[in-house]
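Spelled out from the first residue to the last, the chains are:
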Amino acid sequence: MDLNSLLHSLIPSFTSVGLLLSYFGYLAIFGSVLPGKIVPGATLSDGTRLHYRCNGLLSLTLLVLLLGGGVAVGFVSPTVCNLCCCGIMHFLVIVDRGLELLSATFIFCFVVTLLLCVAGSISHDKGSSLKPHVSGNWIHDWWFGIQLNPQFMGIDLKFFFVRAGMLGWLLINLSILAKSLQDSNLNRSMVLYQLYCTFYILDYFFYEEYMTSTWDIIAERLGFMLVFGDLLWIPFTFSIQGWWLLRNKVDLTTAAVVANCIVFLMGYRIFRGANRQKHVFKKNPKAPIWGKPPKVIGGKLLASGYWGIARHCNYLGDLLLALSFSLPCGISSPIPYFYPTYLLILLIWRERRDEARCAEKYKDIWAEYCKIVPWRILPYVY
Ligand code: NDP
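Residues numbered from 1 in each chain as written. Predicted model: local features only at pLDDT ≥ 70, side-chain atom pairs only at ≥ 80, totals over all residues. Heavy atoms only, no water.

**Student:** Pulling in residues and values, what's your account of the packing of helix H7 (residues 188-206) against helix H12 (residues 313-326)?
**Tutor:** At a closest axis distance of 9 Å, the pairing of H7 and H12 adopts a crossing angle of 150°. Classified by the angle between their axes, H7 and H12 sit roughly antiparallel to one another. On the side of H7, the interface is formed by Tyr193, Tyr196, Cys197 and Tyr200, while H12 contributes Asp318, Leu321, Ser324 and Phe325. Split into classes, the residues belonging to the contact of H7 with H12 amount to six nonpolar, one polar and one charged. (Axes fitted to C-alpha atoms, helices over the stretch in contact; angles between N-to-C directions. Helix = DSSP H or I, 4+ residues; strand = E, 2+ residues; numbered from the N terminus. Parallel < 35°, antiparallel > 145°, perpendicular 65-115°, else oblique. Contact = heavy atoms within 4.5 Å. Nonpolar A, V, L, I, M, F, W, Y, C, P; charged D, E, K, R; others polar.)

**Student:** Summarise the packing of aromatic side chains; cite the residues concerned and give the values.
**Tutor:** Overall, the coordinates contain 31 aromatic pairs when judged by the stated rule. Between Phe24 and Phe160, the aromatic rings sit 6.3 Å apart at their centres with planes inclined by 50°, giving tilted as the arrangement. Of this pair, Phe24 sits in helix H2 (residues 14-33) while Phe160 sits in helix H6 (residues 157-182), placing them 136 residues apart in sequence. Ring geometry for Phe106 versus Phe228: centroids 5.3 Å apart, planes at 70°, classification edge-to-face. Of this pair, Phe106 sits in helix H5 (residues 98-123) while Phe228 sits in helix H9 (residues 224-237), placing them 122 residues apart in sequence. Residue Phe106 is classed as partly exposed on the basis of its relative accessible area, which comes to 43%. The buried category is assigned to Phe228, whose relative accessible area is 10%. (Phe/Tyr/Trp six-rings, centres within 6.5 Å; stacked < 30°, edge-to-face > 60°. Buried < 20%, exposed > 50% of the residue type's maximum accessible area, 1.4 Å probe, protein only.)

**Student:** Requested: an account of the site of the ligand, with residues and values cited.
**Tutor:** Taken together, 29 residues lie around the ligand, and Trp215, Tyr315, Asp354, Lys361 and Tyr362 are the ones closest in. One of the side-chain nitrogen or oxygen atoms of Lys282 is found 2.7 Å away from an oxygen atom of the ligand. Contacts to the ligand include Tyr369, whose side-chain N or O atom sits 3.2 Å from a nitrogen atom. Here the element with the most residues in the shell around the ligand is helix H13 (residues 338-362); it accounts for 10 residues. Each residue belonging to the shell around the ligand can be placed in one class, and the counts come to 17 nonpolar, four polar and eight charged. (Near = heavy atom within 4 Å. Polar contact = N/O pair within 3.5 Å; in protein donor to acceptor, adjacent residues only side chain to side chain.)

**Student:** Lay out the nonpolar core with the relevant residues and their values.
**Tutor:** Counting 102 residues, the largest nonpolar core has Leu167, Trp169 and Phe325 as its most contacted members. Looking at which element gives the most residues to this core, the answer is H6, with 15 residues. Apart from the residues within four sequence positions on either side, Leu167 is in contact with Tyr23, Leu27, Leu60, Leu63 and Phe205. (Core = buried A, V, L, I, M, F, W, Y, C linked by side-chain atoms within 4.5 Å.)

**Student:** Please give an account of unusual backbone geometry that cites residues and values.
**Tutor:** With a phi close to 50°, Met153 is a non-glycine residue in the positive phi region. By the secondary structure assignment, Met153 is in the loop between strand S6 (151-152) and strand S7 (155-156). We note that Tyr380 has phi near 70°; this positive angle belongs to a residue other than glycine.

**Student:** Explain the pattern of salt bridges to me, using residue names and the numbers behind them.
**Tutor:** Across all of its chains, the model carries nine salt bridges by this definition. The partner of Glu209 in a salt bridge is Lys37, with the nearest N and O atoms 2.8 Å apart. Placement of Glu209 in the loop between H7 and helix H8 (215-218) and of Lys37 in strand S1 (residues 37-43) is noted, with a sequence separation of 172 residues between them. A relative accessible area of 15% means that Glu209 is categorised as buried. Between Arg376 and Glu351 there is a salt bridge, with the nearest N and O atoms lying 3.0 Å from each other. On the criterion of sequence distance, the pair formed by Arg376 in the segment after helix H14 (364-372) and Glu351 in helix H13 is long-range, its members being 25 residues apart. (Salt bridge = Lys/Arg side-chain N within 4 Å of Asp/Glu carboxyl O.)

**Student:** Before we move on, could you go through the packing of H13 against H14 and cite the residues and values that matter?
**Tutor:** Two elements in contact, H13 and H14, have axes whose closest approach is 5 Å; the angle formed by their N-to-C orientations is 125°. Overall, the two elements H13 and H14 adopt an arrangement that is oblique. Counting all contacts with H13, which are made through Glu355, Cys358, Ala359 and Tyr362, the residues of H14 involved are Asp364, Ile365, Trp366 and Cys370. Counted by class, the contact of H13 with H14 contains six nonpolar, no polar and two charged residues.

**Student:** Summarise the side chain of Asn173; cite the residues concerned and give the values.
**Tutor:** With respect to the secondary-structure elements, Asn173 resides in helix H6. Among the polar contacts made by the side chain of Asn173, one reaches the side chain of Tyr193 at a distance of 3.0 Å. If we ignore the near neighbours within four places in the chain, the residues touching Asn173 are Tyr193, Gln194, Cys197 and Ser239.

In structure tokens form, the structure reads like this:
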């Protein structure tokens, strides 16, 4: 593709803007009305709590059925295979208009970030700008304030954006799958990549309530980084391996497939196990961990199970999973390894920030925890 046609395909058409807005509209409306468990979020500094409707899995299932219903019907009854093609066509739109959707999402993110900044500076209490601080649902910075958990028409924007990003990633992957079916070049690598990512995304939505106690929701400010990260970065860069596999053929040996599966299963076990243990501990600090009473420091920090092996074992699990998503692409190119490399940098940086936050919040208890569990992410290495 020459530069001219590349630039041309980056200009969003009405169709791509319409697709994007319909997508957000669907998530906003169905996310608000579909039934789901109502989960209380972390307690804010003013003692209040936000509540989250965890119906991501239902919203996802309904959307995929609506878009791809034709595919299923087509497989069941070949006489209605027009519907089958129609289902595939719905997904193909994303691959065919990938660059336009990318630039439309970029513009959307830019506008949202700008609006958040304007809303923050208008509502900012200038009298409190002497020192950055958190008060209630607000983070007051030197020059402007920003809401820790901004709400729009009853929708929590942070929770909404990360849901849109994760579901967007699945839709892009399904679109890549539809393209490879259309081109008749579905192979082992593509199947493995699709299975791993689909499992990871479904699992994310199955345990969506765990998201309510993560750093992004409880501590991160919703600005440039989070908006672009959730809406643009997650769906478009996490799927790089899939795009790459559409254009490159890989011959995986059976041993490579087995090794790849082992990395995936290990990663999943550590990632989900660690996140679950923390979640269970926060709800009931006496709940057994690996069948034994938990070791608790200062009544607040868990030092058993994965949290007794490294202070962020969950990051290790996530990194192994990220690696397993790239291994189906073989080792002939560094491009598919962009995601695990990026995640490594992000999680090391995040671990440092979380460490600073916890050291300030838990003071001596945190210092004691660090003594008992000296490793940050990977025991004996880091
Ligand atoms: P954590 O889920 O590890 O949450 C950190 C918080 O947990 C701390 O701030 C503290 O909060 C609490 N905590 C820390 N140690 C303990 C302990 N020993 N006992 C009890 N509570 C403790 O981090 P994240 O929110 O960053 O990550 C959540 C998941 O999301 C991870 O698995 C991560 O890998 C994944 N992730 C994935 C990304 C991706 O792009 N794929 C990006 C970022 C995250 P408190 O004040 O509540 O005690």
